[in-house]
Amino acid sequence: MCSVHVNDPSAAFDFYTSVLGFEELLTMPEHQLYVVKSREDPDGVGLLLEPSDNKISTKYAQGLRALGLPVIVLGSADVRADYDRLTALGVRFTSEPITDASGTSVLFDDTCGNLVQVHQD
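Below you will find a few notes about this structure.

Criteria and thresholds
- Residues numbered from 1 in each chain as written.
- Predicted model: local features only at pLDDT ≥ 70, side-chain atom pairs only at ≥ 80, totals over all residues.
- Heavy atoms only, no water.
- Helix = DSSP H or I, 4+ residues; strand = E, 2+ residues; numbered from the N terminus.
- Rg over C-alpha atoms; globule rule 2.2 N^0.38 Å.
- Pairing = 2+ DSSP bridges.
- Axes fitted to C-alpha atoms, helices over the stretch in contact; angles between N-to-C directions.
- Buried < 20%, exposed > 50% of the residue type's maximum accessible area, 1.4 Å probe, protein only.
- Core = buried A, V, L, I, M, F, W, Y, C linked by side-chain atoms within 4.5 Å.
- Contact = heavy atoms within 4.5 Å.
- Phe/Tyr/Trp six-rings, centres within 6.5 Å; stacked < 30°, edge-to-face > 60°.

So, on to the overall build of the protein chain. A tally of regular secondary structure across the protein chain gives 3 helices and 8 strands. Each helix (α) and strand (β) of the protein chain, taken in turn from the N terminus, gives the series β-α-β-β-β-α-β-α-β-β-β. Since a compact globule built from 121 residues should have a radius of gyration of about 14 Å, the 14 Å found for the protein chain is in line with a globular shape. The dimensions of the protein chain, computed from C-alpha atoms along their principal axes, are 40 × 30 × 25 Å.

This brings us to the sheet that holds strand β7 (residues 103-109). The mixed open sheet is built from 4 strands, whose spatial order is β5-β8-β7-β6. Since the sheet does not close on itself, it has two edges, and those belong to β5 (72-75) and β6 (98-100), each with one partner. The sheet shows a mean angle of 30° between the axes of neighbouring strands, taken without regard to direction. Sheet analysis places β6 next to β7, joined by 3 bridges and oriented antiparallel. Opposite D100, over in β7, you have G103 as the bridge partner.

Now for unusual backbone geometry. Not every positive phi belongs to a glycine, and Q32 is a case in point at roughly 55°. Structurally, Q32 is set in the loop between β2 (23-28) and β3 (33-37). With relative accessibility at 42%, the residue Q32 sits in the partly exposed group. The residue T111 is not glycine, and still its phi comes out positive at about 65°. Examined against the element boundaries, T111 turns out to sit in the loop between β7 and β8 (115-120). In this structure T111 comes out as exposed when scored by relative accessible area, which is 52%.

By size, the foremost hydrophobic cluster in this structure holds 25 residues, and its most contacted members are Y16, L49 and F108. Listing elements by their share of this core, those giving two or more residues are β1 (2-6), α1 (9-19), β3, β4 (47-51), β5, α3 (79-88), β7 and β8. What F108 contacts, discounting residues up to four positions off in sequence, is F15, L20, V91, R92, F93, N114, L115, V116 and V118.

It is worth spelling out the packing of aromatic side chains at this point. Considering all chains together, one arrives at 6 aromatic pairs under this definition. Taking the centre distance of 6.4 Å and the plane angle of 45° together, the rings of F15 and F108 count as tilted. Remark: F108 occurs in strand β7 and F15 occurs in helix α1; sequence separation between them is 93 residues. In this structure F108 comes out as buried when scored by relative accessible area, which is 1%. On the basis of an interplanar angle of 50° and a centroid distance of 5.8 Å, the ring pair of Y16 and F22 is categorised as tilted. Both residues of the pair, Y16 and F22, belong to the buried class. Taken together, the ring pairs in this structure connect F15, Y16, F22, Y83, F93 and F108 into an aromatic cluster.

Structural data, given as structure tokens:
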């Protein structure tokens, strides 16, 4: 499991499942505990949508965002197709997909305080 600090775990859960297409792995709303998983890799890594309720995580997320850096990178088989699909769902990207020597990537706002990168080798 890995975690991403978010400013509202419940809203992040809704975004990550209904918009990004993750599936529920575990939810305990009374404890603000929300974990999602990939539909394509159900036995893979869980993603904990962790509350950003302390100064350190808040400063970290704000620092990454100010530098235009992603909090997490998600792999994609087709960044352009993901970009088109997510744009149609209202996801806000920082630019069009960019291709360079490392592959194709694009950043979007996860609506919960973070920039997330989608990357294709």
